[in-house]
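What the coordinates show
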Amino acid sequence: MKTIQVALGAGSYDIHVEAGLLDRAGEHVPAPAGDRPTVIVTDEIVAPLHLERLLNGLGGPAETIVLPAGERTKSWSQLERLTERLLELGVERGDHILALGGGVIGDLTGFAASILRRGCRFVQVPTTLLAQVDSSVGGKTAINSAAGKNLVGAFHQPSAVLIDPAVLATLPDRELRAGYAEVVKYGLLGDADFYAWCEANAAAVLAGDDAAQAHAIAVSCRAKAAVVAADERETKGRRALLNLGHTFGHALEAELGFSGRLLHGEAVAAGMALAARYSARLGLMAPGEATRISEHVRAAGLPSTIPDGARSPQRLVQHMRQDKKAAAGRVPLILMRRIGEAFVYPEADMEDVERFLTEECAA
């Protein structure tokens, strides 16, 4: 088993990575006091695939809450439904609510845990590559609103993260590729050698090679754990680097209504390619490096350009102005000087960004 610590003082926790971990989940999740059940939150797609294994692995009484699948579940209505059911089940502060699923279930369950009884414990059990390498680690929890993605939420760290790479065998190809975008991100923002490894091993990761997937997950989790430990609440600037590709990407998602037309990882992939080309436009990055990024994104079967249906530069800029990192009307972007060196560009000229997006939409 690979164990990676997220070092946050009294709030530290471990990320456990091992094939078959679902079958031994009870070793890492304390049972509630008395005979009360452990509560598992999952969705309609994940439940028939992995719920039975987790129930057997817990080895004790459990209750399951099954929610609809998809990004639209990160909503006020589903948050209300979830919290009311958790209260009905008598969940207490010291209990551990298990989030079995992808980023949607993890984000929603974590947010519900953060506000239930003013803060309950929860454990992330991610079942998608994207959630395993990114959203399950770091304590960002949220729902979407009419104004944009993840604009209502809280920092609430899990008590543990249980990653079983074996569950990826059931993941649809499109979802696996979407998660791979977040793997690539760690190479781009701070590890040029890992990015080169991705270029050489993307096919193996996407083909389900156990060793390649385990390496990609472990390196990504170590990178995120280090960033979170240095800047837990995104107040020092370093954690903002994890948003590479996200400001452009979230705008694309919002313009397409957070629908299945563009998965989150696909939006991040396109957003990273756009950030690279905008960095080159500003003279910050060599054009050849930006091209290298776009080519790798495309080779992985991911979008590198603005998709049809989102080709409105004005509306994309409006969405970008809603970014959580915006301050005093200014929108910071995460740009790159080279592969492996991302930085916060604090005051983007949004008129120039709109001109850039106009060119991209016309390409």
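Everything that follows concerns the structure shown earlier in this document.
Residues numbered from 1 in each chain as written. Predicted model: local features only at pLDDT ≥ 70, side-chain atom pairs only at ≥ 80, totals over all residues. Heavy atoms only, no water.

In terms of helices and strands, the chain carries 12 helices and 11 strands. With the C-alpha coordinates of the chain rotated into their principal frame, the extents come out at 65 × 40 × 40 Å. A buried classification covers 56% of the 363 residues belonging to the chain. Residue pairs in contact within the chain that sit at least 24 positions apart in sequence constitute 73% of those at least 6 positions apart. Carbon and sulfur atoms provide 49% of the accessible area of the chain, an area that totals close to 14300 Å². Of the charged side chains in the chain, 37 are positive and 44 negative; the average position of the first set lies 4 Å away from that of the second. (Helix = DSSP H or I, 4+ residues; strand = E, 2+ residues; numbered from the N terminus. Buried < 20%, exposed > 50% of the residue type's maximum accessible area, 1.4 Å probe, protein only. Contact = heavy atoms within 4.5 Å. Areas by Shrake-Rupley, 256 points an atom, 1.4 Å probe, with all protein chains shown as cover. Lys, Arg positive; Asp, Glu negative; His and termini not counted. Charge placed at Lys NZ, Arg CZ, Asp CG, Glu CD.)

Right, let's get into the packing of helix H8 (residues 246–255) against helix H11 (residues 313–320). Two elements in contact, H8 and H11, have axes separated by 8 Å at closest approach and are oriented at 115 degrees. Relative to H11, H8 is oriented so that their crossing is right-handed. Between H8 and H11, the contacting residues are Thr247, Phe248, Ala251, Leu252, Ala254 and Glu255 on the first element and Arg315, Leu316, His319 and Met320 on the second. For the contact of H8 with H11, a count of residues per class yields 6 nonpolar, 2 polar and 2 charged. (Axes fitted to C-alpha atoms, helices over the stretch in contact; angles between N-to-C directions. Left-handed = near helix turned anticlockwise from the far one by under 90°. Nonpolar A, V, L, I, M, F, W, Y, C, P; charged D, E, K, R; others polar.)

Moving on, we get to the packing of aromatic side chains. Within this structure, the stated rule accounts for 4 aromatic pairs. A centroid spacing of 6.2 Å and a plane angle of 65 degrees characterise the contact between Phe248 and Phe356, whose relative ring orientation is edge-to-face. Linking Phe248 in helix H8 with Phe356 in helix H12 (residues 350–362), this pair joins segments that are 108 residues apart in sequence. By relative accessible area, which is 4% here, Phe248 ends up buried. Note on Phe343 and Tyr345: the rings are 6.4 Å apart at their centroids and 80 degrees apart in plane angle, and the pair reads as edge-to-face. A relative accessible area of 13% places Phe343 in the buried class. (Phe/Tyr/Trp six-rings, centres within 6.5 Å; stacked < 30°, edge-to-face > 60°.)

Bringing the pairing of strand S8 (residues 148–155) into the picture now. Judged from the 5 bridges that link them, strand S7 (residues 140–145) and S8 form a sheet pairing that is antiparallel. When the sheet's bridge partners are listed, Ile143 is paired in S8 with Val152. Two successive antiparallel strands, S7 and S8, enclose a turn made up of 2 residues. (Pairing = 2+ DSSP bridges.)

Moving on to the side chain of Thr247. Residue placement: Thr247 occurs in helix H8. Taking the relative accessible area as the measure of exposure, Thr247 reaches 5% and is therefore buried. Within polar-contact distance, the side chain of Thr247 engages the side chain of Asp323 at 3.3 Å. Residues contacting Thr247, with those up to four places away along its chain left out, are Met320, Asp323, Lys325, Val331, Pro332 and Leu333. (Polar contact = N/O pair within 3.5 Å; in protein donor to acceptor, adjacent residues only side chain to side chain.)

This brings us to the environment of Ser75. Within the secondary structure layout, Ser75 lies in the loop between strand S4 (62–67) and helix H2 (76–88). Classification of Ser75 by relative accessible area gives buried; the value is 15%. On a C-alpha basis, the gap between Ser75 and Val104 in space is 10.0 Å, while along the polypeptide they are 29 residues apart. From its side chain, Ser75 meets the backbone oxygen of Arg72 in a polar contact 3.4 Å long. A polar contact is formed between the side chain of Ser75 and the backbone nitrogen of Gln78, at a distance of 3.2 Å.

On to the pairing of S4. Where a strand is regular, its side chains alternate between the two sheet faces. Summarising the sheet, strand S3 (residues 38–43) and S4 pair through 6 bridges and their orientation is parallel. Its bridge partner being in S4, Ile40 is matched across the sheet by Thr64. The parallel pair S3 and S4, bridged by helix H1 (residues 47–58), forms a crossover whose chirality is right-handed. (Right-handed = clockwise from strand over helix to strand, strands pointing away.)

Turning our eyes to something else, we now look at the pattern of salt bridges. The tally for this structure, following the rule as stated, stands at 26 salt bridges. One salt bridge in this structure joins Glu71 and Lys149, with 2.5 Å as the shortest N-O distance. You can see Glu71 sitting in the loop between S4 and H2 and its partner Lys149 sitting in strand S8, a full 78 residues away along the chain. Relative accessible area serves as the criterion here: at 7%, Lys149 is assigned to the buried category. Each of Glu71, Lys74, Asp107, Lys149 and Glu253 takes part in salt bridges that share partners, so that together they form one network. (Salt bridge = Lys/Arg side-chain N within 4 Å of Asp/Glu carboxyl O.)

To continue, consider the sheet that holds S4. Spatially, the 7 strands line up as an open sheet ordered S1-S2-S9-S6-S5-S3-S4, and their pairing is mixed. Sheet topology places strand S1 (2–6) and S4 at the edges, where each strand pairs with a single neighbour. Going from strand to strand, the sheet's axes swing by 20 degrees on average, the running direction of each strand aside. In this structure, S1 lies alongside strand S2 (residues 13–17), joined through 5 bridges in antiparallel fashion. Residue pairing across strands places Ile4 opposite Ile15, the latter belonging to S2. Docked against the sheet, H1 engages S3, S4 and strand S5 (96–101), running at close to 165 degrees with respect to S3. Contacting S1, S2 and strand S9 (160–163), helix H7 (residues 210–230) runs over the sheet at an angle of about 15 degrees to S1.

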